[in-house]
Amino acid sequence: RDWSSDVCSSDLRQVLPGMRDRGYGRIVNIASVNGQKGQVGQTNYAAAKAGVLGFTKALATRKDVKILANLPANYDRNEGMKVTEDWVQKFPQFDALIAANDQMALGALQALKAANRKGVLISGIDGTKDALAAIKAGEMAQSIFQNAKGQADGAYQVVKMAMDGKPLPKEL
């Protein structure tokens, strides 16, 4: 199967080429409690985080992808480190780590460095200063910046194009 036809999330945009070259991928996901259980007063946020979990579950349906683990770390760097330390002990190898925010991704990075585990592509979310520095240093694969204003502006432009009968872009 073609990798690009299944992956509609930017969560693995920088991670996919290596998995595509190998023909498989082993992924761990530091998830969000809000995505698993919801959060009163934060339905939009919980829905977005549930999307990351859904994306992970969709990847798990592929024969060439194995989701090794999916645990929360409460958006905390230390908890992201602890979860990853456990995974390093439990799994001899994994190729990618998807975190629901940069703090957990950076904690995972600390754990991987301490275990001298190399070659794990780390994806975070938020575009924080520390994550961008880790990307520049070659320690993280990516951080997805969620720009609410930019997303709203882009959505408005697409709706306007549709209303004006103009062709819509293939990718948003």
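Rules used throughout
Residues numbered from 1 in each chain as written. Predicted model: local features only at pLDDT ≥ 70, side-chain atom pairs only at ≥ 80, totals over all residues. Heavy atoms only, no water. Helix = DSSP H or I, 4+ residues; strand = E, 2+ residues; numbered from the N terminus. Expected span 1.5 Å × (residues − 1). Buried < 20%, exposed > 50% of the residue type's maximum accessible area, 1.4 Å probe, protein only. Arc of directions from axis to C-beta. Contact = heavy atoms within 4.5 Å. Pairing = 2+ DSSP bridges. Axes fitted to C-alpha atoms, helices over the stretch in contact; angles between N-to-C directions. pLDDT = per-residue confidence, 0-100.

A.B. asks: How do you make sense of helix H5 (residues 77-90) when you look at a structure like this?
C.D. replies: Residues lying three or four places apart along an α-helix face the same way, a consequence of the helix completing one turn every 3.6 residues. With 14 residues, H5 extends 20 Å from end C-alpha to end C-alpha; this agrees with the ideal 20 Å at 1.5 Å per step. Restricting attention to buried positions, one finds in H5 the residues Gly80, Val83, Thr84, Trp87 and Val88. Along H5, the residues classed as buried sweep out an arc of 145° about the axis, all on the same side. Those residues of H5 that are exposed and aimed more than 90 degrees away from the buried face are Lys82, Asp86 and Gln89. Along its buried surface, H5 packs onto strand E1 (25-31), strand E2 (65-72), strand E3 (96-99) and helix H6 (102-114).

A.B. asks: Is there a simple way to explain the pairing of strand E4 (residues 121-125) in this structure?
C.D. replies: With respect to burial, E4 is a largely interior element, four of its five residues being buried. With three bridges joining them, E4 and strand E5 (residues 142-144) adopt parallel strand pairing. From the neighbouring strand, glycine 124 faces E5, where its bridge partner is serine 143.

A.B. asks: Even after reading the chapter, I still don't get the sheet that holds E2, so can you show me in this structure?
C.D. replies: What the five strands build is an open sheet, ordered E2-E1-E3-E4-E5; its pairing is parallel. Pairing within the sheet leaves two strands with one partner each, and these edge strands are E2 and E5. Direction aside, neighbouring strands of the sheet carry axes that sit 15° apart on average. Bridge count between E3 and E4: three bridges; the pairing is parallel. The residue bridging isoleucine 98 from the neighbouring strand is serine 123, located in E4. Where H5 meets the sheet, its contacts fall on E1, E2 and E3, and the angle it forms with E1 comes to roughly 150°. Set on the sheet, H6 makes contact with E1, E3, E4 and E5; between it and E4 the angle comes to about 155°.

A.B. asks: Just checking my understanding: could you explain the confidence of the model for the protein chain for this structure?
C.D. replies: Considering every residue of the protein chain, the mean pLDDT works out to 81; 77% of them sit at 70 or more. Within the protein chain, the lowest mean pLDDT, 38, falls on helix H1 (residues 3-6), and the highest, 97, falls on H6. Every residue in residues 1-9 scores below 50 in pLDDT, and together they form 18 contacts with partners more than four places removed in sequence or on other chains.

A.B. asks: Would you explain the environment of methionine 161 in this entry?
C.D. replies: Mapped onto the elements, methionine 161 comes out in helix H8 (residues 148-163). Leaving out residues up to four positions away in the same chain, methionine 161 has contacts with Lys166, Pro167, Leu168 and Pro169.

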